Each structure stands twice: as C-alpha cells, then as structure tokens.
Amino acid sequence: MNADADHQRGGTWALPDVSLVVRGPELDPDEVTRKLTLQPTGTRPPGPSRWGRPGDVDGEWRLQCDERSTRVFSEQLDTVLTAVEPHSGAVSELLASGLSVTLTIRGYVGDDSRIALTAEQLRRVARLGVPLTLAPSTSER
C-alpha cells in the first residue's frame, strides 16, 4: 500500500482549519467586530453570494486559523480559542441577539479518518457555549 492510500484509510483529517463563525440574515460585520474587539479574517455582508450555497443570504463574520498559520490541528484550535475566550460575554450577547455562532472545524477526510479532541479542548469549547460543527470534505484535494 502506498503512502497516499495509508493517508486515506485511518489517518487524521488533512489540511484542517478551525474558525469561529458568526452568521445571520441581519448580521453587520462591523458591529460583530466592535462587540468582540477582534479583527476577523473574513467577512461577508448579508445578501446573495456567488461563493455560497444557492439561497444562502446570511452575512458572515469569521475568525479562522488554517494551514497558513500552522498545519497542526491542536495549535489551530488553541489559537482560535485563546483569541475568543476572553470575549465569551460578547459571544453570549451575539447568540442572544439571534445570530448563529459556531466553532467550525473543516478538513479533508478519507475512509476511517478521524480528528482527535482532548477532554480539555472539549471543556474549553463547552465553556464558550457555542456549538462545535465538524465539516469534513470527501472531495479530492
């Protein structure tokens, strides 16, 4: 079996990225930035998007850590959580205002791929009070 096949079976997710994502039809990206006092890595105002799913008109504010910073998943997760944890009160306010706030983990997967989170990482996510969303991609890279 070659190395590519080994990676496809039972390996970890390839090219993971971790993001705090704030979404909503009435989202004002500048207001989210002011509330969180964090600079986003990307924003999109509400309305149709040529890159989004058909019918998706939600605005989006994103704080992302991906392979440009580090390819190590645990370091990506720590980077995002460390940035956001001091602003957990503002995160709660965003949730209370009706916006969707998630911690999203994306990556490429093959058969039996897995991503490991430690108990401490799960505690940190739980304390933040936002859903953890796993978004694996099975497409070829």
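Keep in mind the model is a prediction, meaning the values are calculated, not measured. (Residues numbered from 1 in each chain as written. Predicted model: local features only at pLDDT ≥ 70, side-chain atom pairs only at ≥ 80, totals over all residues. Heavy atoms only, no water.)

Once that is clear, we can look at the overall build of the protein chain. Looking only at helices and strands, the protein chain has five helices and five strands in total. Helices and strands in the protein chain line up, N terminus first, as α-β-α-β-β-α-α-β-α-β. Against the globule reference of 14 Å for 141 residues, the protein chain gives a C-alpha radius of gyration of 16 Å, in line with a compact fold. In terms of overall dimensions, the protein chain has C-alpha extents of about 50 × 35 × 25 Å along its principal axes. For the protein chain, with 141 residues in total, the buried portion stands at 40%. Put simply, of all contacts in the protein chain between residues at least 6 apart along the chain, 73% involve residues at least 24 apart. In the structure as shown, the protein chain presents an accessible area of about 8200 Å², 51% of it carried by carbon and sulfur atoms. (Helix = DSSP H or I, 4+ residues; strand = E, 2+ residues; numbered from the N terminus. Rg over C-alpha atoms; globule rule 2.2 N^0.38 Å. Buried < 20%, exposed > 50% of the residue type's maximum accessible area, 1.4 Å probe, protein only. Contact = heavy atoms within 4.5 Å. Areas by Shrake-Rupley, 256 points an atom, 1.4 Å probe, with all protein chains shown as cover.)

Along helix 5 (residues 119–128), the residues classified as buried are Gln121, Arg124, Val125 and Leu128. Down the axis of helix 5, the buried set is contained in an arc of 95°. They therefore lie on one face. Of the exposed residues in helix 5, the ones pointing more than 90 degrees away from its buried face are Ala126 and Arg127. Looking at the packing, one finds that the buried side of helix 5 touches helix 3 (73–84), helix 4 (88–96), strand 4 (100–108) and strand 5 (132–137). Looking one or two residues past helix 5, Gly129 carries a phi angle of roughly 80°, positive in sign. (Arc of directions from axis to C-beta.)

Averaged over all residues, the pLDDT of the protein chain equals 87, while 90% of them reach at least 70. In the model, residues 1–8 has pLDDT below 50 throughout and makes 10 contacts with residues more than four positions away in sequence or in other chains. (pLDDT = per-residue confidence, 0-100.)

The nonpolar side chains of a soluble globular protein tend to be buried, and buried together. Ranked by internal contacts, the top residues of the largest apolar core, which has 28 residues, are Leu20, Val22, Val32, Leu36, Trp61, Val84 and Leu103. When contributions to this core are tallied by element, the ones reaching two or more residues are strand 1 (14–24), helix 2 (29–36), strand 3 (59–65), helix 3, helix 4, strand 4 and helix 5. With five residues, the single largest contributor to this core is helix 3. Those residues in contact with Leu36 that sit more than four places away from it in its chain are Leu20, Trp61, His87, Ala90, Val91 and Leu94. (Core = buried A, V, L, I, M, F, W, Y, C linked by side-chain atoms within 4.5 Å.)

To continue, consider the environment of Ala90. Looking at the element boundaries, Ala90 is found in helix 4. On the basis of relative accessible area, Ala90 is assigned to the buried category, the value being 12%. Ala90 sits 55 residues away from Lys35 along the chain, and the two C-alpha atoms are 5.9 Å apart. Residues contacting Ala90, with those up to four places away along its chain left out, are Lys35 and Leu36.

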